[in-house]
Amino acid sequence: MRDVAVIGVGMNKWGELWETSLRDLIAQSALMALDDAGIEEVEAMYIGCMSSGLFTDQEHLGSMGPDYSGICPVPGTRVESACASGGAAFRSAYMHVASGMADIVMAAGVEKMTDVDGGGATFALATAADQEYEVYNGVTFPGLYAMMANHHMKKYGTTRDQLAQVSVKNHYNGAKNSLAQFRMEVSLDQVKNAVMVSDPLTLLDCSPITDGSAAVILCSMDKAKSLTKKRLVKVIGSGHASDTIQLAQREDLSSLKSTAIAAKQALDMAGRKINDINFAEVHDCFSIAEIMVIEALGIAAQGKGGPATADGTTAMTGKFPVNVSGGLKSKGHPVGATGVAQIVELTKQIRGEADKDRQLKKADIGLAQNMGGSGASSVVHILEGM
Ligand code: COA
C-alpha cells in the first residue's frame, strides 16, 4: 500500500437548488476540486450516490460523472451504500491509488433530492431500510431513529435536552458555514417545540432534504509533493464495516457496532488512539445519531454521549470539537455527497482554509464518520496534515 494524499477539494453551496440539475451539481464540485488541485486530468472517478433514479429518474452516473466533469474517457464507477455512499466512494478511490493502480483519482458524491415532494423523498430514503420487515410495516428513517432514541433514553437516562443540544450546537456551527443549507442558530426551546416528526424527534432533530455535491482529488504521496504547494493532507486510516440492515436484528438498539468496528480499523491503521484526534465530522442524520456515534468512536463512554454533548465537550471550543461544519443537521444532507463533504471539511480545516469564524486552532488530525441506514454500514477515515 502506498501513501495517499488529498490534493484538491470542491463543494458547492448546499440547499434547495431549483436551478441546478444533477449534472450541474456533479460538474460544479468536480471542476472546483480539479481547480483546487491545479490539474485537468485524473485516471479514474468514483461517484457516491444513493438514489439518483428515484430522485431524478437518472441512473448511470458511472458515465455522467466523468462526462460532466469533462474527464472522459476515464473509467467512472458509481458507489452505493445508502447515506454512506460518499464515504464508500472515497474509500474506493483511496484503495485505487494506494494499490498503485493509478496515481490520481477523483472521489465525488452527489444527490439531487428536491425534484420529488416530501413523500417521494421519504420513500426514496426508506429504500435503504429493510423493505420486507421495516418499510412494509410503515417504518421510515425518522421512525427508526426515534426508536433508537427512546431506547437510549430508557437505558442510559439520556434526556430530551441533551438530544436537542446536538441540534443547537450544530446549527450554531453551521450558521458560520458559508456553504450550509440552514445558516440560522436555534435554541433548546425551538428544537423541543418544533413540529413533531417521530416522538421524541422534532423537525429540528432531523437533517433536511438537500441538493448538493462534493468532490476530492486523491494522489499518491510522491506525486503529490511535486503537484501542490498546499499543505499535504495524508489519509492515515480507513475503516469500513456493516451490520444487520434491520434494526430489530441488532444485538443492541442503542449502540452502533459498524461504526465502532470501522473506527477501530481506521485508528489501528493510523496507529492512533481516539484522543490523538483533534476534531471529527460525524453522521448526525438525527440528533440521537450524533450521541450514539460519539459513543461508538470512544469520544464519550457508552451511554455518556448525552452528558458529553450537554457539557460542551463536542462544542467548537470544547475538548473534542464535533461537526464544526454544522453537520448534516445544519449544513444539509444530500445523502450521496455527505461522506465526501466530510473529507472536504477535514481537508480545509487541516489546511487552515475553513470559514474564518469556525477555523479550529488545532486541526492537524481529523476523523470522518459516515453511515448508511440506521447504522447498517459505516465508513471511517482519518486524515493528517504533513
Ligand atoms: N431542519 C430545519 N428546517 C427544516 C428541516 C430541517 N431538517 N426540514 C425542513 N425545514 C424547514 C423548511 O425549510 C421549511 O421552512 P419554510 O416553511 O420557512 O420554508 C419548513 O421547515 C417545512 O419544510 P418541509 O419541506 O415542508 O418539511 P417536511 O415536513 O416535508 O420535511 C422532514 C421535514 C424532517 C420530515 C424531512 O426533512 C426529513 O425527512 N428529514 C430526514 C431525512 C432523512 O431521513 N435522511 C436520511 C437519514 S438516514
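Values in this document were obtained by computation on a predicted structure and should not be read as measured data.

Reading the values: the criteria
- Residues numbered from 1 in each chain as written.
- Predicted model: local features only at pLDDT ≥ 70, side-chain atom pairs only at ≥ 80, totals over all residues.
- Heavy atoms only, no water.
- Core = buried A, V, L, I, M, F, W, Y, C linked by side-chain atoms within 4.5 Å.
- Buried < 20%, exposed > 50% of the residue type's maximum accessible area, 1.4 Å probe, protein only.
- Helix = DSSP H or I, 4+ residues; strand = E, 2+ residues; numbered from the N terminus.
- Domains from an automatic or database assignment.
- Contact = heavy atoms within 4.5 Å.
- Salt bridge = Lys/Arg side-chain N within 4 Å of Asp/Glu carboxyl O.
- Near = heavy atom within 4 Å.
- Polar contact = N/O pair within 3.5 Å; in protein donor to acceptor, adjacent residues only side chain to side chain.
- Areas by Shrake-Rupley, 256 points an atom, 1.4 Å probe, with all protein chains shown as cover.
- Buried area = accessible area lost by both parts, 1.4 Å probe.
- Nonpolar A, V, L, I, M, F, W, Y, C, P; charged D, E, K, R; others polar.
- Pairing = 2+ DSSP bridges.
- Axes fitted to C-alpha atoms, helices over the stretch in contact; angles between N-to-C directions.
- Parallel < 35°, antiparallel > 145°, perpendicular 65-115°, else oblique.

1. Let's talk about the nonpolar core
And step 1. Within the largest apolar cluster, 58 residues are counted, with the highest numbers of intra-cluster contacts made by Tyr-145 and Ile-382.
And step 2. When residues in this core are grouped by element, the largest group, 8 residues, is from helix H11 (residues 287–297).
And step 3. Looking at this core, you find at least three residues from each of domain 1 (4–117 + 210–233) and domain 2 (138–208 + 237–385).
And step 4. Residues contacting Ile-382, with those up to four places away along its chain left out, are Lys-234, Val-235, Ile-236, Gly-237, Ala-266, Leu-267, Ala-270, Ile-277, Ile-365, Gly-366 and Leu-367.
And step 5. Within the second largest apolar cluster, 40 residues are counted, among which are Trp-14, Tyr-94, Ala-107 and Val-235.

2. Some remarks on the pattern of salt bridges
And step 1. Per the counting criterion, the structure on display carries 21 salt bridges.
And step 2. In this structure, Arg-160 engages Asp-205 in a salt bridge whose closest nitrogen and oxygen atoms are separated by 2.5 Å. Pair noted here: Arg-160 is in helix H7 (residues 160–174) and Asp-205 is in the loop between strand S6 (201–202) and strand S7 (211–220), with a separation of 45 residues, a long-range link. As far as the burial class goes, Arg-160 and Asp-205 line up, both buried.
And step 3. Linked by salt bridges that have partners in common, Asp-36, Lys-230, Arg-351 and Glu-353 make up one network.

3. Here's the deal with the site of the ligand
And step 1. Lining the immediate environment of the ligand, one finds 14 residues, of which Leu-203, Cys-206, Ser-207, Pro-208 and Lys-329 sit closest.
And step 2. Taking Pro-208, its main chain carries an N or O atom lying 3.4 Å from a nitrogen atom of the ligand.
And step 3. About the coverage of the ligand: the protein hides 60% of its 920 Å² of free accessible area.

4. Here's the deal with the domain arrangement of the protein chain
And step 1. Along its sequence, the protein chain is organised into domain 1 (4–117 + 210–233) and domain 2 (138–208 + 237–385).
And step 2. Summarising the inter-unit geometry, the C-alpha centres of domain 1 and domain 2 are found 23 Å apart.
And step 3. Of the residues lining the interface, 43 residues belong to domain 1; the matching set on domain 2 comes to 40 residues.
And step 4. Of the roughly 3100 Å² buried between domain 1 and domain 2 on both sides combined, carbon and sulfur atoms contribute 66%.
And step 5. Ranking the residues of domain 1 by area buried against domain 2 places Trp-14, Cys-83 and Arg-231 at the top, with a combined share of 23%.
And step 6. Joining domain 1 to domain 2, the criterion identifies 2 salt bridges.
And step 7. Measuring nitrogen to oxygen at the nearest pair gives 3.0 Å for the salt bridge that ties Asp-36 to Arg-351.
And step 8. Our count for the contact surface shared by domain 1 and domain 2 stands at 15 residue pairs in polar contact (both at pLDDT 80 or more).
And step 9. Contributing elements (two or more residues each) for the side of domain 1 that touches domain 2: strand S1 (4–11), helix H4 (85–98), strand S4 (104–112) and S7.
And step 10. Among the residues making up the side of domain 1 that touches domain 2, the classes are represented as 22 nonpolar, 13 polar and 8 charged.

5. Some details on the sheet that holds strand S3 (residues 76–79)
Backbone hydrogen bonds are what pair the strands of a sheet, in a parallel or an antiparallel way.
And step 1. Ordered in space as S3-S2-S4-S7-S1-S8-S11-S10-S9, the 9 strands form an open sheet in which the pairing is mixed. Here the strands that pair on one side only, and so sit at the sheet edges, are S3 and strand S9 (279–281). Strand-to-strand, the axes of this sheet are offset by a mean angle of 25°, without reference to chain direction.
And step 2. Looking at chain direction, S4 and S7 are connected through 9 bridges and run antiparallel.

6. Some words on the environment of Ser-85
And step 1. The residue Ser-85 is located in helix H4 in this model.
And step 2. If near-sequence neighbours (up to four positions away) are discounted, Ser-85 is found in contact with Gly-48, Cys-49, Met-50, Val-79, Glu-80, Gly-336 and Asn-370.
And step 3. A polar atom in the side chain of Ser-85 sits 2.9 Å from the backbone nitrogen of Ser-81.

7. Quick notes on the pairing of strand S10 (residues 365–372)
And step 1. With 8 of 8 residues buried, S10 lies mostly within the body of the structure.
And step 2. Judged from the 3 bridges that link them, S9 and S10 form a sheet pairing that is parallel. Each residue of the ladder has a partner; that of Phe-279, found in S10, is Gly-366.
And step 3. Taken together, the 8 bridges between S10 and strand S11 (residues 377–385) define a ladder with antiparallel strand orientation. Pairing of Met-371 across the sheet is with Ser-378, part of S11.
And step 4. Here S10 folds back onto S11 in antiparallel fashion, the turn holding 4 residues, of which Gly-373 has a positive phi close to 60°.

8. A closer look at the packing of H4 against helix H14 (residues 335–351)
The description of two helices packed together rests on the angle between their axes and the distance between the axes.
And step 1. Packing of H4 against H14 leaves a shortest axis separation of 5 Å and a crossing angle of 55°. Considering the angle they form, H4 stands oblique to H14. When H4 is examined against H14, the residues Ser-85, Gly-86, Gly-87 and Phe-90 are found in contact with a partner set consisting of Gly-336, Gly-339, Val-340 and Ile-343.
And step 2. When its residues are assigned to classes, the contact of H4 with H14 shows 3 nonpolar, 5 polar and no charged.

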